[in-house]
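A look at the structure
One-letter residues, chain by chain:
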Amino acid sequence: MSVSSVLALAQRLPARVQDKLLKPCEKLTRAVIVFATSEPGKIDGGLISRGTTYPFTHPSPEEATSHLMRIAAAEGATLERTAAIAIARPARAETVADW
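Residues numbered from 1 in each chain as written. Predicted model: local features only at pLDDT ≥ 70, side-chain atom pairs only at ≥ 80, totals over all residues. Heavy atoms only, no water.

Turning to the overall build of the protein chain, a few remarks are in order. The helix and strand inventory of the protein chain stands at four helices and two strands. Starting at the N terminus, the α and β elements of the protein chain follow one another as β-α-β-α-α-α. Here the protein chain holds 99 residues, and 15% of them are scored as buried. Intrachain contacts of the protein chain at a sequence separation of at least 6 include 63% that bridge at least 24 residues. For the protein chain, the accessible area works out to roughly 7,800 Å², and carbon and sulfur atoms hold 58% of it. (Helix = DSSP H or I, 4+ residues; strand = E, 2+ residues; numbered from the N terminus. Buried < 20%, exposed > 50% of the residue type's maximum accessible area, 1.4 Å probe, protein only. Contact = heavy atoms within 4.5 Å. Areas by Shrake-Rupley, 256 points an atom, 1.4 Å probe, with all protein chains shown as cover.)

Here's what the structure looks like:
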């Protein structure tokens, strides 16, 4: 059996639901299940141990600025570095509310 799913805000899944996910995860021969969370400590250890963890981090303002400049150049658009810096600055915020 093959499965692909994405569970956003996985930390909100009640413990009983996370427990119920353990059996299917063990029986699947091929599965891609993404638990997207900003609070990995709230995901059941059994689920985490059956997969691979990929921590994502926010890019630095310098990385985001450079990336924006490359995108603009690739699209043939003009983007002043000061504008790219202003756009990239919120990249360090943890949530939109921090902007």
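On to the environment of Ala-83. Checked against the element boundaries, Ala-83 lands in helix α4 (residues 81-88). For the pair Ala-83 and Leu-68, spaced 15 residues apart in sequence, the C-alpha to C-alpha distance is 9.8 Å.

Before going further, it helps to examine the environment of Thr-37. Position of Thr-37 among the secondary structure elements: in the loop between β2 (30-36) and α2 (45-49). Considered as a pair, Thr-37 and Pro-55 are 18 residues apart in the sequence and their alpha carbons are 9.7 Å apart.

Here we come to the packing of helix α3 (residues 61-74) against α4. Running from N to C, α3 and α4 point in directions that differ by 125°, and their axes come no closer than 8 Å. When the axis of α3 is compared with that of α4, the two are oblique. Note that α3 runs across α4; the crossing there is right-handed. Between α3, through Pro-61, Ala-64, Thr-65, Leu-68 and Met-69, and α4, the contact on the second element is made entirely by Arg-81, Ala-84, Ile-85, Ile-87 and Ala-88. For the contact of α3 with α4, the class distribution of residues is eight nonpolar, one polar and one charged. (Axes fitted to C-alpha atoms, helices over the stretch in contact; angles between N-to-C directions. Parallel < 35°, antiparallel > 145°, perpendicular 65-115°, else oblique. Left-handed = near helix turned anticlockwise from the far one by under 90°. Nonpolar A, V, L, I, M, F, W, Y, C, P; charged D, E, K, R; others polar.)

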